[in-house]
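# Observations on the model geometry
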Amino acid sequence: MNIETVVRKVYPNLTPYVCQMADYPVEELKKILQKENVYKLSFNENPFGPSSKAIQAMEQAIRASNLYPSSRGEELQEVIASKEGVQREQVLLSNGADDMINLAAQTFLEPEDEVIMPTVTFVQYEAAAHLMGAVPVKVPMSGQLDTDLEGILQSVTEKTKMICLCNPNNPTGAIISDEQMGAFLKRVPKNIIVIIDEAYYEYANDPEFSTAVKYISDYENILIVRTFSKIYSLASARIGYGIGSVVLTEAIHHVRPPFNVNGIAQAGALASLNDLEHVQASKQLNEEGKQLLYGAFEQLGFEYIRSNGNFVYVDTNMNGEHLFQELAQKGIIVRVLKGYGLPTSLRVSIGKEEETKAFIDALHEVL
Ligand SMILES: *Cc1c(COP(=O)(O)O)cnc(C)c1O
């Protein structure tokens, strides 16, 4: 057997992340498209930038780069714990939310275990299952791309080890209501770990949404996943966290590399949590951009889903890939959803006002 065969045998179901144009860095895109201005509305980044307090704190922290960071990040754990009303030990830091998802998979999944998830959701759950040789079980959406909780419960077997939910859901922006979540958790067998990814919870404005943190005291099998990449605008710093029972968080500490969260990110995150104005301003900017997009889509007769995130899902009724290419030629990069079996849909991140307007103008020109 040669080395290539060996390599392919290890990860037959995994592909590298950067596999389409929407994933390229902006500087790269400028070269490819030969444009001075490229607006990248495919990553759900916060166009507002990090809090100035976070930037200051990170500049300070750079000076201590010679020292290893705190392994568990006690100071940040403490602040998150008191904000969420949980014990410090229930908070676990990670190198972004992606790292948290992978750590949970590495800790809890064994080959052949089944991991249930909706068909239209964040791709990392499926990748994490494959990484461990577990089997992703995908449950079709119900209604207007809603997470089918009933279908998920029906899919539980003796092999089910984990269920992954995203709330608000990426790429639809839809929510699982608090009422639905409460009823669902009651029915899930207690030996199944439920990952609830709340990467966008700060943006959620549907009155029926609630974070699932309040369920942790009753359910030891829940792990909530959060990130500083989205509303806190620290995507490049790489920091996220999990909240769950001590049984789960302590188990994950066995697997976690000792210094998986760098000190600069810890400092930035800590300062970010103290800057409520920044969060408020980001939310406001997002709300305004969302309304601009809704208006444009309504005018064009496109169906869209009212979003609880910093992006909008839209069905253009046209070939999404073609639309993507034409928008790209105008320097606007959006997310095509044909990989989900949604060939006419796009996900558009909410950028600065000028970016959102440029997208809308480009869309009109293309049509
Ligand atoms: C962006 C995103 C993440 C990844 O966040 P990082 O902290 O940057 O790794 C996780 N889950 C969902 C649903 C996301 O959209």
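Right, let's walk through the structure included here. This one's a predicted model, so the numbers in the text were calculated from it and none came from an experiment. (Residues numbered from 1 in each chain as written. Predicted model: local features only at pLDDT ≥ 70, side-chain atom pairs only at ≥ 80, totals over all residues. Heavy atoms only, no water.)

In this section: the overall build of the protein chain. Within the protein chain one finds 13 helices and 13 strands. A compact globule built from 367 residues should have a C-alpha radius of gyration of about 21 Å, and the protein chain, at 21 Å, falls within 12% of that. Projected onto its principal axes, the C-alpha positions of the protein chain cover 55 × 55 × 50 Å. When the 367 residues of the protein chain are sorted by exposure, 53% land in the buried category. Put simply, of all contacts in the protein chain between residues at least 6 apart along the chain, 71% involve residues at least 24 apart. Carbon and sulfur atoms make up 50% of the accessible area of the protein chain, which amounts to about 17,000 Å² in all. Here the protein chain contributes 31 positive and 47 negative side-chain charges, whose respective centroids are spaced 3 Å apart. (Helix = DSSP H or I, 4+ residues; strand = E, 2+ residues; numbered from the N terminus. Rg over C-alpha atoms; globule rule 2.2 N^0.38 Å. Buried < 20%, exposed > 50% of the residue type's maximum accessible area, 1.4 Å probe, protein only. Contact = heavy atoms within 4.5 Å. Areas by Shrake-Rupley, 256 points an atom, 1.4 Å probe, with all protein chains shown as cover. Lys, Arg positive; Asp, Glu negative; His and termini not counted. Charge placed at Lys NZ, Arg CZ, Asp CG, Glu CD.)

Summed over the entire model, instances satisfying the criterion amount to 10 aromatic pairs. Their ring planes at 45° and their centres at 5.6 Å tell us that Phe228 and Tyr241 sit as a pair that is tilted. Placement of the pair is Phe228 in the loop between β7 (222-227) and β8 (240-244) and Tyr241 in strand β8, with a sequence separation of 13 residues. Exposure remark for Phe228: the relative accessible area of 0% places this residue in the buried category. The ring of Tyr201 has Arg226 sitting right over it, with the charged end atom 3.6 Å from the ring centre. If you follow Arg347 out to its NZ or CZ, it ends over the ring of Phe311, 5.8 Å from the centre. (Phe/Tyr/Trp six-rings, centres within 6.5 Å; stacked < 30°, edge-to-face > 60°. Lys NZ or Arg CZ within 6 Å of the ring centre and 35° of its normal.)

On to the nonpolar core, then. Of all hydrophobic cores here, the largest spans 49 residues; its most connected members are Leu76, Leu165, Phe184 and Phe228. For this core, the leading source of residues is helix α10 (residues 263-273), giving five residues. Within the second largest apolar cluster, 32 residues are counted, among which are Leu29, Leu293, Tyr294 and Val366. (Core = buried A, V, L, I, M, F, W, Y, C linked by side-chain atoms within 4.5 Å.)

This part is about helix α13 (residues 353-366). Helix length check: α13, at 14 residues, gives a terminal C-alpha distance of 20 Å against a target of 20 Å (1.5 Å per residue), a fit within 8%. For α13, the set of buried residues is Glu355, Thr356, Ala358, Phe359, Ile360, Ala362, Leu363 and Val366. Those residues of α13 that are buried are in contact with β1 (39-40), α11 (276-300), α12 (320-329), β11 (332-333) and β13 (345-349). (Expected span 1.5 Å × (residues − 1).)

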